[in-house]
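Read off the chains here:
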Amino acid sequence: MEAVPPTCWRGDYQLTPALTETALAVEGGRHAAPELDLGWCVLPTVHGGPHYAVVRDLCGLVVWIKWLGPLAELVVLPDCRRTDGCGLFAGHPGVCSR
Ligand SMILES: [Zn+2]
Ligand SMILES: [Zn+2]
């Protein structure tokens, strides 16, 4: 059995009202989530940052919050296509999430 890779699971970011508004204003596809879905850093590695957490699923694209300490920004990144069902973004470090 393969060992399950470690996951960062950090969630110490501040989603300000301005960032919330911006994330909701991003135009997504027909199946884009109407609400935010705040998560933890899902990178499959224990690392020093920057950390990435899902903020809103746009269907094929995801709004991520990228942060390190008090500095945070929103980024829109395409889904990883390296492995079927990987829940991370294209070009992510480490192994795929599934
Ligand atoms: Zn992290
Ligand atoms: Zn992947």
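Note: the structure precedes this text.
Residues numbered from 1 in each chain as written. Chains lettered and ligands numbered in written order. Predicted model: local features only at pLDDT ≥ 70, side-chain atom pairs only at ≥ 80, totals over all residues.

S.K.: Let's hear about the nonpolar core: which residues, and what values?
M.R.: Counting residues in each nonpolar core, the largest one holds 15 residues, and the members touching the most others are Ala53, Val55, Trp64 and Ile65. Among the secondary structure elements, those contributing two or more residues to this core are strand E1 (51-57) and strand E2 (61-68). For this core, the element with the most residues is E2, which contributes 5 residues. Residues within four places of alanine 53 in sequence aside, it is in contact with Gly11, Tyr13, Leu38, Gly39, Trp40, Cys41, Val42, Trp64 and Ile65. (Core = buried A, V, L, I, M, F, W, Y, C linked by C-beta atoms within 7 Å. Buried ≥ 20, exposed ≤ 12 C-beta atoms within 10 Å, placed from the backbone. Helix = DSSP H or I, 4+ residues; strand = E, 2+ residues; numbered from the N terminus. Contact = placed C-beta atoms within 7 Å.)

S.K.: With reference to specific residues and values, describe the sheet that holds E2.
M.R.: The 3 strands lie next to each other as E1-E2-E3, forming an open sheet whose pairing is antiparallel. What marks the edges here is a single partner per strand, and that holds for E1 and strand E3 (71-78). Sheet twist, expressed as the average angle between the axes of neighbouring strands with direction ignored, equals 30 degrees. Relative to E2, E1 is paired through 6 bridges, and the arrangement is antiparallel. Paired with arginine 56 across the two strands is valine 63, which belongs to E2. Along the sheet, helix H1 (residues 17-25) makes contact with E1, E2 and E3, crossing E3 at roughly 10 degrees. (Pairing = 2+ DSSP bridges. Axes fitted to C-alpha atoms, helices over the stretch in contact; angles between N-to-C directions.)

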